[in-house]
Amino acid sequence: LLEMKIISKNPIEQYYYTKYDEYYATYSNKDIYIHIGDKVYSSSYLTEYARYGKGVEVQYKIGKFGLSGFYNKPRFFKNIEDEFNIKSNYAINKSNTLSIGYLQKRQTKNSSTHLPYVIYTTNIIKHTAIEFEYAYSKHGKLDGSAYRIDLNTKLKKFNGRINYSYSSPNFRGYFANTTNINSALNYT
């Protein structure tokens, strides 16, 4: 499947090629996904949850193993010049997946933040998925860490979710110096 789109819904109608325009091309099949252009790029919840920009992303899957990465130049965040991410996934079995990744954010003042991270997802409890993430950041002489636990239960008519995350004061990922608890309960 090959998809190409140009979207120009900018608030300034008479000008072309503004920062609000979107241009991209996407190709995908069962094993590969390639995206070139504008989109929201994401490495993990703690390191870079959603950063809009221009770039390229590639995902490749072969059997139980997956490899993905992206390069992104953020459009609406002046402090990050560009980002590079690489991540590998391994499906241990039907219930357990391990992901290991690395994100580098280059700031505008010739400094970089290095963010290795690991994510483990398990479905060992019936109807319940549990995801653990740990991330470390190194920026100059400052280092920090963050972790999160996400519990998601799906029953016949009820869906419930609770997410707890923590990031230290010097953590340089998507969140810094925060403790967060989110929960939701749905009945259908």
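Since this is a predicted model, take the numbers as computed values, not measurements.

(A) Expanded view of the environment of Asn85. Here Asn85 shows up in strand 6 (residues 80–93). We classify Asn85 as buried; its relative accessible area is 3%. When neighbours within four sequence positions are excluded, Asn85 is seen to be in contact with Ser43, Ser68, Gly69, Phe70, Tyr102, Leu103 and Tyr117. At 3.0 Å, the side chain of Asn85 and the side chain of Tyr117 are in polar contact.

(B) Spotlight on the packing of aromatic side chains. Counted by the stated rule, this structure contains nine aromatic pairs. Taken together, Tyr45, Tyr49, Tyr174 and Phe175 form an aromatic cluster joined through their ring pairs. Positioned over the ring face of Tyr41 is Lys39, at 5.4 Å from the centre of the ring.

(C) Summary view of unusual backbone geometry. For His127, which is not glycine, the phi dihedral falls at a positive 65°. For His127, a relative accessible area of 46% translates into the label partly exposed. Non-glycine residue Asn177 carries a positive phi angle of around 55°. In this fold, Asn177 is placed in the loop between strand 11 (158–167) and strand 12 (178–187).

Calculation notes
Residues numbered from 1 in each chain as written. Predicted model: local features only at pLDDT ≥ 70, side-chain atom pairs only at ≥ 80, totals over all residues. Heavy atoms only, no water. Helix = DSSP H or I, 4+ residues; strand = E, 2+ residues; numbered from the N terminus. Buried < 20%, exposed > 50% of the residue type's maximum accessible area, 1.4 Å probe, protein only. Contact = heavy atoms within 4.5 Å. Polar contact = N/O pair within 3.5 Å; in protein donor to acceptor, adjacent residues only side chain to side chain. Phe/Tyr/Trp six-rings, centres within 6.5 Å; stacked < 30°, edge-to-face > 60°. Lys NZ or Arg CZ within 6 Å of the ring centre and 35° of its normal.

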